[in-house]
Amino acid sequence: MVTLEKNKGPSLVKNFDWFLLILVLALNILGLIVVRSVSVHLNQPVLFTKQLIASVIGIGCMVFILLIDYKDLRILSIPIYIGTVFLLIYVLFKGIGREEVGTRGWIDLGFFSFQPSELGKVTLSIVAAVFLERIKQGNGPVNYLWLAGTTASLAGLVLMQPDFGTAVVYIFMFSCMVFVWGIRYRTILIIMAAGLVTLPILLFGFMDKIFKSFQINRILSFLNPEAYARTEAYQVLMSIRYIGSGRIFGVEPGTEKAARNVPEAATDSIFAVIGEQWGFIGTVTVVVLFTLFLLRCLYISRYAKDKLGSYIVIGLMAMFLFHFVENVGMNIGMLPVTGIPLPFISYGGSSVLVSYIAVGIILGISMRRERPMFEAE
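What counts as what
- Residues numbered from 1 in each chain as written.
- Predicted model: local features only at pLDDT ≥ 70, side-chain atom pairs only at ≥ 80, totals over all residues.
- Heavy atoms only, no water.
- Salt bridge = Lys/Arg side-chain N within 4 Å of Asp/Glu carboxyl O.
- Helix = DSSP H or I, 4+ residues; strand = E, 2+ residues; numbered from the N terminus.
- Buried < 20%, exposed > 50% of the residue type's maximum accessible area, 1.4 Å probe, protein only.
- Axes fitted to C-alpha atoms, helices over the stretch in contact; angles between N-to-C directions.
- Parallel < 35°, antiparallel > 145°, perpendicular 65-115°, else oblique.
- Left-handed = near helix turned anticlockwise from the far one by under 90°.
- Contact = heavy atoms within 4.5 Å.
- Nonpolar A, V, L, I, M, F, W, Y, C, P; charged D, E, K, R; others polar.
- Core = buried A, V, L, I, M, F, W, Y, C linked by side-chain atoms within 4.5 Å.
- pLDDT = per-residue confidence, 0-100.
- Expected span 1.5 Å × (residues − 1).
- Arc of directions from axis to C-beta.
- Phe/Tyr/Trp six-rings, centres within 6.5 Å; stacked < 30°, edge-to-face > 60°.
- Lys NZ or Arg CZ within 6 Å of the ring centre and 35° of its normal.

**A closer look at the pattern of salt bridges**
Scanning all chains against the criterion turns up five salt bridges. Close ionic contact of Asp17 with Arg296 constitutes a salt bridge, the shortest N to O distance being 3.0 Å. One end of the pair, Asp17, is in the segment before helix H1 (18-41); the other, Arg296, is in helix H11 (residues 270-302), and 279 residues separate them in sequence. For Asp17, a relative accessible area of 2% gives the class buried. For Asp306, the salt bridge identified is with Arg74, shortest N-O distance 3.7 Å.

Have a look at this one:
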């Protein structure tokens, strides 16, 4: 019989993390302003309307979720996992997507499309945290199998869409959680060494069998962007151009061109629009807000009441970290293009909704921490 341990202690309202909420709302408001600008330049007002509705729904979901005791996730983790797997299997047969790359990862809900792989990131953090906690408590080797099986099935179903970029997010999240859980440094070094040896062999010996043609071209265009300046590297080169054109304070109002000239300006390349319109000041503001947000998540993980809460926050923080670094990195030519959105800022109902769900879980864990943050032990 499984019993639930309810959190009791300090007032949940007193422990509410207003600073984290302010950071999230600031990022979301900034995103809404930029998406509205793009929608005006493209003469597509529906972009802003959908983003605003998704943000309002996301805030509602966040409030509902933070009121739920996160310890209930021990029981809810399996139903959540089963539901997510069902959705990921469903999109393989009935999903919609981008024909040019062959990805089928969205469910058409009429007014907007939902991407189950986004929800899978939250599911992964919850399920992996539950099994990592059990392993930490010494509850039998069978939990190793459950941990490996659930993680591999989620990432594998995403790869089948195919969505390599999102699958990498899953792997990064899992790696961060396992690292915090306490994997030995010797094991890490062995894995890294094995990766360094096998990666070149896989890339150059079996690249055509592992990746599709558009994925291979993205890798090659990253290594040699000038050779693909009019094709795969066009988006990145245009992003760099318009970020640079913003200089310190951005271009004069009415002279913006990034929204019309950079591919995927509202989604993947939203950082280029920020760089052009608000210049160095705008891009630094985004970086500072995200940095503070990530550091706050790290503190919440540190002061969580138990290992379950700590592991969940680490997994969700890793998700936000990867999205932030990858999106900014690909817009300045430092990382390959993977179609990863900038949380709370890029256009996309699924991304905004799931980001708020993740924040609701983090806030709920923070509200139920054992002692006030920064209090001496």
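**Quick word on the packing of H11 against helix H12 (residues 307-331)**
One way to put it is that H11 packs onto H12 with a least axis distance of 10 Å and a crossing angle of 160 degrees. Accordingly, the angle class assigned to the pair H11 and H12 is roughly antiparallel. You can see that H11 and H12 cross each other, and the crossing is left-handed. On H12, the residues touching Phe271, Ala272, Val287, Phe290, Phe293, Leu294, Cys297, Leu298, Ile300 and Ser301 of H11 are Ser310, Val313, Ile314, Met317, Phe320, Leu321, Phe324, Asn327, Val328 and Asn331. Residue classes in the contact of H11 with H12 are distributed as 16 nonpolar, four polar and no charged.

**Here's the deal with the nonpolar core**
Grouped together as the largest cluster of nonpolar side chains are 92 residues, with contacts concentrated most on Phe293, Phe320, Leu342 and Ile345. Other than its neighbours up to four places away in sequence, Phe320 contacts Phe293, Leu294, Pro343, Phe344, Ser355, Ala358, Val359 and Ile362.

**Remarks on the environment of Phe86**
By the secondary structure assignment, Phe86 is in helix H3 (residues 73-94). The exposure class assigned to Phe86 is exposed, which follows from its relative accessible area of 54%. It is 9.4 Å that separates the C-alpha atoms of Phe86 and Pro116, two residues lying 30 residues apart in sequence.

**What about the confidence of the model for the chain?**
Averaged over the chain, the pLDDT score is 85; the fraction of residues at 70 or greater is 85%. Within the model, pLDDT remains below 50 along residues 373-377, and this stretch shows twelve contacts once partners closer than five positions in the same chain are excluded.

**Concerning helix H2 (residues 46-66)**
When the terminal C-alpha atoms of H2 are compared, their 30 Å separation across 21 residues agrees well with the 30 Å that a helix rising 1.5 Å per residue should span. Listed as buried for H2 are Leu47, Gln51, Ala54, Ser55, Gly58, Met62 and Leu66. Along H2, the residues classed as buried sweep out an arc of 110 degrees about the axis, all on the same side. Summarising the geometry of H2, the exposed residues directed more than 90 degrees from the buried face are Val56 and Phe64. Close packing links the buried residues of H2 with H1 and helix H13 (349-367).

**Regarding the packing of helix H4 (residues 116-136) against helix H5 (residues 142-159)**
It is at 9 Å that the axes of H4 and H5 come closest, and there the two elements cross at 170 degrees. Taken as axis vectors, H4 and H5 run roughly antiparallel relative to one another. Together, Ser117, Gly120, Thr123, Leu124, Val127, Ala128, Phe131, Leu132, Arg134 and Ile135 of H4 and Asn143, Tyr144, Trp146, Leu147, Thr150, Thr151, Leu154 and Val158 of H5 make up the contact between the two elements. In terms of residue class, the contact of H4 with H5 is built from eleven nonpolar, six polar and one charged.

**Topic: the packing of aromatic side chains**
Under the definition given, this model contains nine aromatic pairs. Ring geometry for Phe16 against Trp18: centres 4.5 Å apart, planes inclined by 65 degrees, an arrangement best described as edge-to-face. The class for Phe16 is buried, based on a relative accessible area of 15%. Through a chain of ring-to-ring contacts, the aromatic side chains of Phe293, Phe320, Phe344 and Tyr356 assemble into a single cluster. The ring of Trp181 is capped by Lys136, whose NZ or CZ atom sits 5.8 Å from the centre of that ring.

**Quick word on the side chain of Ser301**
Following the sequence through the fold, Ser301 ends up in helix H11. Once you skip the residues sitting within four places of it in the chain, Ser301 turns out to touch Ser310, Val313 and Ile314.

**Notes on the environment of Leu147**
Looking at the element boundaries, Leu147 is found in helix H5. In this structure the C-alpha to C-alpha distance between Leu147 and Leu132, which are 15 residues apart in sequence, comes to 7.4 Å. Residues in contact with Leu147, not counting those within four places in the same chain, are Ala128, Phe131, Leu132, Ile135 and Phe174.

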